[in-house]
Amino acid sequence: MLKLMKSDFMTIAKELAKEHREISVAEFFERNKHLLGFENLQKSLLTCVREAVDNALDACEDARILPQIYVELKEIGENRFKIIVEDNGPGIVKKNIPKIFAKLLYGGKFNLCQSRGQQGIGISASVLYAQLTTGKPTKIYSRIGDGKSHVYVLHINISKNEPEIISEETLTGVNGHGTRVEMEIKGKYIKSRLSVNEYLQQTAIMNPFAQIIYIAPDGKETEFPRVVDKLPPKSKNIKPHPHGVELGILIRMLRATTARNIAGFLTSDFSSIGRTTAIKVCEKAEVDHKISPKSITRSEADKILDALQEERIQKPPTNCLSPIGADAIREGLTKEIHPEFVATLSRKPTVYSGHPFIVEVGIAYGGDLEKEGNISLLRFANKVPLLYRQSACALTKSVTQTSWRRYGLKQSSGALPQGPVAILIHFASVWIPYTSESKEAIAAYPVIMKEVRLALQEVSRKLALYLSKKRRSKYQEERIAMFKRYASEIAVALSGLTGKEKEKIEENMMKLVEEKIKKLELETEENSELITEDVEETEEKTEDKFKENGDIE
Amino acid sequence: MGLTEERLIKNLQTMGKRVLENINQGENPELEILTRALNNVYYDNSTGLIKLGDKSQKRYYFNVNQAKKFMQTLLIADRIKWLMEQGKPALSIRQLFYTLKHNIPGSKENTFDNQDESDPIIEDIEVMIDALREQLKLIATPKGVLSGPIMVKDKTGDLLDYTKMGSAGGAVPPIVEDDFFHIKECSADFILVVEKFAVWNLLNQQKYWKDANCLLLTGKGQPARAERRLVNRLSTELKLPVYVFADMDPWGYYIYSVYKQGSINLAFFSEKSGAPQAKYIGFMTKDVKTFDIPKSSHIKLENVDLKRIEELKNYDWFKTKEWQDELKSLKDFGNKIEQDSLVAKSIEFTAKEYLPYKIENKEFLN
């Protein structure tokens with residue numbers, strides 16, 4: 001499965017290869033590993049787990065299988081871990097196994113669809129990381145449901161960027177289907193923030209249709225249960241939208257196309273372009289629309305790109321998106337956080353720079369959430385948790401720029417609000433606009449910010465309503481308690497004044513309070529107040545400068 | 001006023017019974033209380049006293065802002081009834097506060113947190129059952145000091161001769177009703193009420209009361225209830241003229257008016273405490289020239305003073321021509337003269353020159 005992201009790296013890698021033939025892929029990786037999620041031991045462990053789990057979820061979703069994922073971490077030495085990730089996906093056909101796992105930047109088409117894979121360079125980078133840090137090969141088991149299990153032990157031939165098969169065997173009499181990856185890496189295990197556990201829990205929230213079982217290095221097993229039995233809609237592949245391509249991509253598409261002429265290339269390899277528009281674009285770019293795409297020069301490609309940007313073109317189709325939906329987000333938040341209140345929302349698809357996208361949000365209150373301190377912000381891009389670089393992210397900015405006090409939460413200006421609240425924001429698109437290569441923060445396109453803000457406003461209004469209702473009912477309870485408390489004192493006084501039995505008076509007094517409360521609750525539902533709040537006509541103090549009578553001793 | 005103790009106890013009982021009735025009939029329990037504020041006070045020209053109107057307000061139990069006060073009102077009423085029935089010694093209103101302040105079971109709340117809560121409720125009850133605090137066995141601390149030719153038999157049976165009280169004078173007891181403070185004999189020709197103790201003290205040392213054959217009283221600033229009640233008794237029962245010697249400023253004028261017509265907050269007490277015949281014998285603006293008061297004794301009127309002058313002008317009991325003229329002339333003069341400052345002329349000036357001159361020439365403000 002090729003992601004556009006990977007093709008970017010492909011461009012870089014190829015160009016590097018042209019200019020400096022002596023630079024190996026391994027060196028390229030070594031130089032760029034901070035961009036690929038391997039800048040330190042702690043993050044490297046997380047990246048390897050994440051690549052494997054994201055692949056597993058993508059494979060299951062593609063094959064319309066409800067995912068069941070097994071993750072195990074074993075500490076086999078100091079800062080040395082064995083990672084095992086197994087899924088119940090469709091498995092991988094035998095001949096594809098070595099290339100998928102042991103060839104960097106392997107892939108083919110230019111089509112776009114919403115998938116998790118954009119996150120990093122892919123599982124092969126993890127295989128290379130394992131090889132470079134521990135020298136150990138990676139072991140793959142794949143079953144495609146034909147009763148066999150293909151087992152490969154793989155290295156990457158670093159100078160050639162080709163798989164190196166250490167061993168392979170085929171087991172027979174095996175049931176089911178799925179893929180299992182085992183690798184040994186150098187890493188560092190932590191439990192708290194930015195940990196594997198946090199990643200898996202957030203993944204479980206965003207993918208409530210998946211069951212995830214996690215065995216931590218200390219042997220502790222955690223199950224993140226499946227609570228939704230329906231997968232999100234399958235995302236369709238779409239061709240790139242003309243407003244979303246850059247020159248490099250356009251040039252590569254021109255090289256790879258099977259179209260015979262440039263007009264045909266524009267209509268068949270892009271979405272939303274008809275023949276009339278295609279010819280108009282060629283005219284504007286002063287390119288003969290009948291010539292072969294292969295003969296287009298770089299400067300002609302540049303002109304075509306300009307012409308494409310100027311042309312008014314229909315919006316791209318949005319069936320390439322796979323939102324999980326408000327209900328599933330609710331289920332996900334509920335099962336992991338056990339909140340007393342949840343509101344969720346899935347917005348309609350919108351487009352930025354030719355790329356369709358959807359914003360989904362959820363807000364949860366109470367439950368397992370910390371009462372004090374900042375709220376928990378859960379950011380997702382295509383169902384994958386974004387753990388790092390929170391403050392640089394447009395999703396975070398949308399939250400900090402919202403005025404939360406009006407929704408009943410504390411907030412210092414420009415900061416995250418405070419309280420037992422989790423805010424979930426899911427950005428789903430065929431193309432995630434990251435701020436930098438580290439792919440942890442989304443860029444602040446105004447249209448994206450606006451969508452997030454509108455979505456947050458809607459769920460926050462519901463939270464505010466809930467909180468004010470909660471405060472009101474607490475206030476009511478306090479009032480009732482007050483009336484009962486005073487009633488006992490009054491009974492004593494009235495008994496003294498009238499000589500009647502205190503117990504009897506108290507009983508009647510309590511009865512009266514109960515009656516008034518019933519009426520009060522009834523009327524509160526209709527939003528009116530039975531018990532008058534009008535302030536007693538203020539007793540004007542005498543204007544005397546001195547206190548009269550010398551009453552205070 | 002002047003109801004018997006039995007009658008007052010009965011009134012308290014009735015108050016409780018009405019609330020019980022509310023409860024038994026499922027109504028919101030209520031208490032009706034006469035409003036004790038400027039908007040329910042009027043000046044009665046025929047008696048020359050400030051009186052309480054008939055505007056009342058209701059205090060409800062099922063009202064978040066009133067519930068506690070409602071409870072406190074009943075607690076105080078109950079305690080007052082008990083004090084009267086038990087024949088206990090009179091308590092100060094602070095002591096009453098302490099007898100009632102307690103934690104409400106099952107909460108962190110107290111019945112009363114400070115005396116500011118109980119004091120106004122005592123006054124509420126006074127008007128509700130038509131009683132005076134003194135009858136309710138509650139006392140406010142008096143500050144007054146008295147000297148002069150009067151013989152009194154105290155509740156304790158002791159005989160008090162106010163000509164033999166030395167330089168400190170005799171204290172005015174908290175309750176000056178006849179059974180506590182029985183006047184046996186009084187040969188004075190008038191009462192001189194002095195605003196400040198310092199001035200009273202100098203006059204007493206000089207035995208001014210002997211020279212002028214008068215009673216010399218001070219309430220030390222704003223008088224407490226006992227001093228006002230005493231002036232009322234001396235003025236009504238013994239028909240003694242009352243002269244109030246106060247500062248030449250709006251605050252002094254107001255103290256004079258409290259002795260004479262009563263106060264806003266205790267309007268219901270005016271009939272028992274007012275002395276409508278009282279006259280102001282303090283400095284007048286024209287006296288500054290007459291007695292040639294040196295400029296060094298003038299104190300410039302501040303904004304608060306000017307504001308207070310405007311307020312006094314609007315009180316009905318200051319609406320006589322001579323007072324309106326005097327208030328205007330004080331404002332024009334722009335300075336006040338404290339009674340203490342007369343010593344600048346000479347230590348004996350007040351006793352030997354000023355007061356005799358004023359009384360002889362009947363130079364009063366009325």
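It should be emphasised that the depicted structure is a prediction, and the values quoted were computed from it without experimental measurement. The residue numbers shown here count from 1 along each chain, following its written sequence. Starting at A for chains and at 1 for ligands, labels are handed out in the order in which the entities are written. Given that this is a predicted model, residues contribute local features only at a pLDDT of at least 70 and side-chain atom pairs are listed and counted only at 80 or more, while totals for whole chains, interfaces and linings are drawn from all residues. The basis for the side-chain values is all heavy atoms of the structure; hydrogens and waters are excluded.

Q: In this structure, what is going on with the overall build of chain B? I would like to understand it.
A: Only DSSP runs of H or I reaching four residues or more are called helices, and only runs of E reaching two or more are called strands; each is numbered from the N terminus. On a plain count of helices and strands, chain B comes out with 13 helices and 17 strands. Counted over contacts in chain B with a minimum sequence separation of 6, partners at least 24 positions apart contribute 73%. Per-residue and other accessible areas follow the Shrake-Rupley method at a 1.4 Å probe size, with only the shown protein chains counted as cover for residues. Of the accessible surface of chain B, which amounts to about 15100 Å², a share of 48% is contributed by carbon and sulfur atoms. Contact definition: two residues touch when any of their heavy atoms are within 4.5 Å.

Q: Is there a simple way to think about the sheet that holds strand E11 (residues 181–186) of chain B in this case?
A: By definition, the strands of a sheet pair up through backbone hydrogen bonds, in either a parallel or an antiparallel sense. All names here are of chain B. If DSSP finds at least two bridges between two strands, the strands pair. The strand order across the open sheet built from three strands is E9-E8-E11, with neighbouring strands paired in antiparallel fashion. In the strand order of this sheet, the two ends are held by strand E9 (159–161) and E11, each with one partner. Taking each pair of neighbouring strands and ignoring which way they run, the sheet shows an average axis angle of 25°. Pairing geometry for strand E8 (residues 150–154) and E11, over five bridges, is antiparallel. In the sheet register, Met-151 faces E11, and the bridge partner there is Glu-185. Inter-axis angles, ranging from 0 to 180 degrees, are taken between N-to-C directions of lines fitted to C-alpha atoms, where helices are fitted over the stretch in contact.

Q: Would you take a moment to explain the nonpolar core for this structure?
A: Nonpolar side chains in soluble globular proteins tend to be buried together. In this description, a nonpolar core means a group of buried Ala, Val, Leu, Ile, Met, Phe, Trp, Tyr and Cys residues linked to one another through side-chain atoms lying within 4.5 Å. For every residue, the accessible area obtained with a 1.4 Å probe (protein chains only) is divided by the maximum for its type, and the residue is called buried under 20%, exposed over 50%, and partly exposed between those limits. One finds Leu192(B), Leu203(B), Tyr208(B), Phe245(B), Tyr253(B), Tyr280(B) and Phe283(B) to be the most contacted residues of the largest nonpolar core, which totals 79 residues. Here this core spans two domains, and each of domain 1 (5–139) and domain 2 (145–360) of chain B adds at least three residues to it. Contact partners of Leu203(B), with chain neighbours within four places excluded, come to Leu192(B), Val194(B), Tyr208(B), Leu216(B), Thr350(B), Ala351(B) and Leu355(B). With 65 residues, the next largest nonpolar core counts Ala56(A), Leu128(A), Ile329(A) and Leu387(A) among its residues. Residue ranges labeled as domains rest on an automatic or database domain assignment.

Q: Could you clarify how one ought to interpret the interface of chain B and chain A in this entry?
A: How big an interface is tends to be stated in terms of accessible area lost as the parts join. Listed as interface residues are 66 residues of chain B and, on the opposing side, 44 residues of chain A. Using a 1.4 Å probe, buried area is obtained as the accessible area two parts lose upon being combined, added over both of them. Carbon and sulfur atoms make up 57% of the area that chain B and chain A hide from each other, which totals about 4800 Å². A per-residue breakdown of the area chain B buries against chain A is headed by Tyr61(B), Phe62(B) and Val64(B), which together make up 15% of the total. Each reported salt bridge corresponds to a side-chain nitrogen of Lys or Arg within 4 Å of a carboxyl oxygen of Asp or Glu. At the junction of chain B and chain A, the tally comes to one salt bridge. Between Glu109(B) and Arg485(A) there is a salt bridge, with its nearest N and O atoms 2.6 Å apart.

Q: Whenever I open this one, the environment of Tyr352(A) confuses me. Can you help?
A: All names here are of chain A. Relative to the elements of secondary structure, Tyr-352 occurs in strand E10 (residues 350–352). Sequence-wise, Tyr-352 and Pro-446 are 94 residues apart; in three dimensions their C-alpha atoms are separated by 8.9 Å. With residues near it in sequence (within four places) discarded, Tyr-352 still touches Phe-357, Phe-427, Ser-429, Trp-431, Ile-432, Pro-433, Tyr-445, Val-447 and Ile-448. Distance and chemistry together define a polar contact, namely a pair of N or O atoms within 3.5 Å, with one atom able to donate a hydrogen and the other to accept it when in protein, and with adjacent residues in sequence counting only for side-chain atoms on both sides. At 2.6 Å, the side chain of Tyr-352 and the backbone oxygen of Trp-431 are in polar contact.

Q: Before we go on, may I ask you to explain the side chain of Thr73(B) in this structure?
A: Residue and element names in this part refer to chain B. By the element assignment, Thr-73 lies in helix H2 (residues 67–86). Here Thr-73 falls in the buried class, since its relative accessible area comes to 0%. In this structure the side chain of Thr-73 is engaged in a polar contact, spanning 2.9 Å, whose partner is the side chain of Arg-59. Residues in contact with Thr-73, not counting those within four places in the same chain, are Met-15, Leu-31, Arg-59, Ile-121, Ile-125 and Met-128.

Q: What exactly am I supposed to notice about the environment of Val199(B) here?
A: All names here are of chain B. Along the polypeptide, Val-199 turns up in helix H5 (residues 197–205). On the basis of relative accessibility, which here comes to 9%, the residue Val-199 falls in the buried class. Separated by 144 residues in sequence, Val-199 and Val-343 place their C-alpha atoms 9.5 Å apart. The contacts of Val-199, once residues within four sequence positions are left out, are Val-194, Phe-245, Gln-339 and Asp-340.

Q: Explanation requested: the pairing of strand E3 (residues 138–144) of chain A in the structure shown.
A: In regular strands, side chains alternate between the two faces of the sheet. All names here are of chain A. Summarising the sheet, E3 and strand E4 (residues 148–157) pair through five bridges and their orientation is antiparallel. Across the sheet, Ile-140 pairs through a bridge with Tyr-152, a residue of E4. In this sheet, strand E6 (residues 177–186) lies alongside E3 in antiparallel orientation, the contact comprising six bridges. Bridge assignment links Ser-142 to a residue of E6, and that residue is Thr-179.

Q: So what exactly am I meant to see when it comes to the pattern of salt bridges here?
A: Two side chains with opposite charge may pair up if their charged atoms get near one another. All names here are of chain B. Enumeration according to the criterion identifies 49 salt bridges over all chains in this entry. Between Arg-36 and Asp-124 there is a salt bridge; the shortest N-O distance is 2.6 Å. Here Asp-124 lies in helix H4 (residues 115–128) and Arg-36 lies in the loop between strand E1 (30–34) and strand E2 (41–44), a separation of 88 residues in the sequence. With a relative accessible area of 6%, Arg-36 lands in the buried category. Using a relative accessible area of 2% as the deciding quantity, one classes Asp-124 as buried. Here the residues in one salt-bridge network are Arg-36, Arg-59, Glu-123, Asp-124, Glu-126, Arg-133 and Arg-225, joined through shared partners.

Q: Would you mind going over the packing of helix H7 (residues 247–256) of chain A against helix H10 (residues 298–310) of chain A with me for this structure?
A: When two helices pack together, their arrangement is given by the angle between their axes and by how far apart the axes lie. All names here are of chain A. The geometry of H7 relative to H10 is characterised by a closest axis approach of 10 Å and an angle of 115° between their N-to-C directions. With respect to their mutual orientation, H7 and H10 come out roughly perpendicular. Crossing geometry of H7 relative to H10 is assigned as right-handed. Between H7, through Leu-247, Leu-250, Ile-251 and Leu-254, and H10, the contact on the second element is made entirely by Arg-298, Ala-301, Asp-302 and Leu-305. Under this scheme an angle from 65 to 115 degrees is roughly perpendicular, one under 35 degrees roughly parallel, and one over 145 degrees roughly antiparallel; angles in between are oblique. Handedness of a crossing follows from how the near helix is turned relative to the far one, being left-handed for an anticlockwise turn of less than a right angle and right-handed for a clockwise one.

Q: Looking at this model, I keep getting lost on the side chain of Glu123(B). Mind explaining?
A: Residue and element names in this part refer to chain B. Here Glu-123 shows up in helix H4. Taking the relative accessible area as the measure of exposure, Glu-123 reaches 5% and is therefore buried. A distance of 3.4 Å separates the side chain of Glu-123 from the side chain of Arg-133, its partner in a polar contact.

Q: Is there a simple way to explain the packing of aromatic side chains in this structure?
A: For any two aromatic rings, the description comes down to two numbers: the centre-to-centre distance and the angle of the planes. Each pair of aromatic rings taken from Phe, Tyr and Trp, with Trp reduced to its six-membered ring, is defined by centres within 6.5 Å and is described as stacked if the planes are under 30 degrees apart, edge-to-face if over 60, and tilted in the remaining cases. Summed over the entire model, instances satisfying the criterion amount to 35 aromatic pairs over all chains. The interplanar angle of 65° and the centroid separation of 5.7 Å between the aromatic rings of Tyr352(A) and Phe357(A) together place this pair among those described as edge-to-face. This pair shows no difference in class: Tyr352(A) is buried, exactly as Phe357(A) is. By way of ring pairs, the aromatic residues Phe245(B), Phe283(B), Phe291(B), Phe349(B), Tyr354(B) and Tyr357(B) are connected into one cluster. Taking NZ or CZ as reference, Lys220(B) lies 5.1 Å from the ring centre of Phe197(B), over its face. The lysine or arginine in question, Arg225(B), covers the ring of Phe269(B), its NZ or CZ lying 4.5 Å from the ring centre. Placement of a charge over a ring requires the Lys NZ or Arg CZ to be within 6 Å of the ring centre, with the centre-to-atom vector within 35 degrees of the ring normal.

Q: What is the right way to look at helix H13 (residues 446–498) of chain A in this model?
A: An α-helical turn contains 3.6 residues, so a residue and the one three or four places further along point in the same direction. In a helix, the anticipated span is given by 1.5 Å times the number of residues less one. Here H13(A) is 53 residues long and its end C-alpha atoms lie 75 Å apart, about the 78 Å a rise of 1.5 Å per residue gives. Of the residues flanking the end of H13(A), it is Gly499(A), one or two places downstream, whose phi is positive at about 80°.

Read these as geometric descriptors, not functional statements.
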